[in-house]
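Spelled out from the first residue to the last, the chains are:
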Amino acid sequence: MNLEKAGLLEVATISRKSLERVPYLRAQRTLRILGRKLFLYTGMMPAEDSAVAEWLSTFEESALTVRALERRWWRTDAPATLYRDKWVNGDVEAVKVTDKSQPGLPVKKEIELDDNDVLLLWVKSRWPFASLREAERESEKYLGRRVSHQVLSWHFRNHVLKLWAGNRVWLYADAQQIPYRLIYMEGKDAPAVARALVKLPWFHTAYIDIEKAVVSGQPPCASMPHLYRVLGNLDVDVLEFAMEVSTVKWVPIFSLLSQIVKRKEVVNA
C-alpha cells in the first residue's frame, strides 16, 4: 500500500532494549548477532515531526532507525527472478545497481482516512479478493455499526484504490535450513543496494531512507559471496542480523490505523 498518500510513515528501529510500550508499534521481533540479542521494532505513524520524535524518544540514542521514505518489495516479474521446473530461483548475475537516487521526503497528504477506509484496508489486507459485501457484514463487528455497500463502494473507489500498490507474494524457506536475515545498511549507495536486492526472490521487503536502508529475507548462504562480487565496490557499510521468524509482539493493522484515525479526530476536534 502507498500509505504515504494518506500522510503515514513506516519506520524500523534496531534496539538493545525489550520495551513494554512503544507508540505506533506494528511488530517486535528478536535479532541476534554474534551472540548478542537485539530487537527490531517496526511501526506506522503520521508523517509528522512530532510523531517521529515520539517514536525516537522511546529508544536509546544508539538505536538504529530507518524511515521508509521509500518502500520496495519483491515482485514476481523482477528481472533477477527465474522460473525453472516449477521452482522460483534467483539470478545473482542479473542483479544491477542502477538507481542511485536518494528517496524523497514525505509527500503532501492526498487522502484523509476515516474508520470506513480503515475497515476496507483491514479486510483487503487479509484477503485482497474479499468483496465489499463481506466488508459490509464485518462493519458491525469492527465499527459497531452497519456501513452500507454504497458508502463502502465510494470509499473503496476514492480512497483505498489510490493507496493500493498491488498484491504481494512472500516466498519462505525452512528457517532451520536458511535463517531469516535482516540487513542494515548505511552509506551513499545504501538505497541503491536495497533496491537491487529486492529484485531477488529471497528478499522480501526494503525500507529505504536517505543514505540508509534495511532489507529482510532468506538469501541462501551460498549466494552471498556471489552477490557481494556482483554488487562490486560501493559506498555502503553493512550489519547483518539473524532474525527469529516469530514475533514478540504484533499489532493488527486495523487496530493501529484505528488508533491513528481516532487520535487525529481528537486533535482536530
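These numbers come from a predicted model, not from an experiment.

**Description of a nonpolar patch on the surface**
A cluster of nonpolar side chains, Tyr83, Val88, Val169 and Leu171, forms an exposed patch at the surface whose accessible area comes to about 310 Å². Relative to the elements of secondary structure, Val169 occurs in the loop between α4 (149-163) and β8 (181-186).

**Side note on the nonpolar core**
If you look at the biggest cluster of nonpolar residues, it comprises 43 residues, and the most contacted ones within it are Leu8, Tyr41, Met45, Trp55 and Leu113. Secondary-structure elements contributing two or more residues to this core are β1 (8-15), β3 (36-46), α1 (49-57), α2 (115-126), α3 (132-143), α4 and α7 (253-268). Not counting residues up to four positions away in its chain, the partners in contact with Leu113 are Ala6, Leu8, Leu121, Leu163 and Val261. Ranked by size, the runner-up nonpolar core spans 21 residues in total, among them Val193, Ala196, Val215 and Met224.

**As for the pattern of salt bridges**
Applying the stated criterion to the full structure yields 17 salt bridges. One salt bridge in this structure joins Arg126 and Glu134, with 3.8 Å as the shortest N-O distance. Here Arg126 falls in the partly exposed class, since its relative accessible area comes to 36%. Judged by relative accessible area, which is 25%, Glu134 ranks as partly exposed. A salt bridge links Arg133 to Glu136; the shortest N-O distance between them is 3.1 Å. Of the two residues, Arg133 and Glu136 are both situated in helix α3; the distance of 3 residues between them amounts to about one turn of the helix. For Glu136, a relative accessible area of 12% gives the class buried. Each of Glu70, Arg72, Asp99 and Arg195 takes part in one network of salt bridges that share partners.

Each value, and the rule that gives it
Residues numbered from 1 in each chain as written. Predicted model: local features only at pLDDT ≥ 70, side-chain atom pairs only at ≥ 80, totals over all residues. Heavy atoms only, no water. Patch = residues over 30% accessible without salt bridge, like charges linked within 9 Å, V, L, I, M, F, W, Y side chains within 5 Å. Areas by Shrake-Rupley, 256 points an atom, 1.4 Å probe, with all protein chains shown as cover. Salt bridge = Lys/Arg side-chain N within 4 Å of Asp/Glu carboxyl O. Helix = DSSP H or I, 4+ residues; strand = E, 2+ residues; numbered from the N terminus. Core = buried A, V, L, I, M, F, W, Y, C linked by side-chain atoms within 4.5 Å. Buried < 20%, exposed > 50% of the residue type's maximum accessible area, 1.4 Å probe, protein only. Contact = heavy atoms within 4.5 Å.

Note that all results are geometric; they support no functional claim without further evidence.
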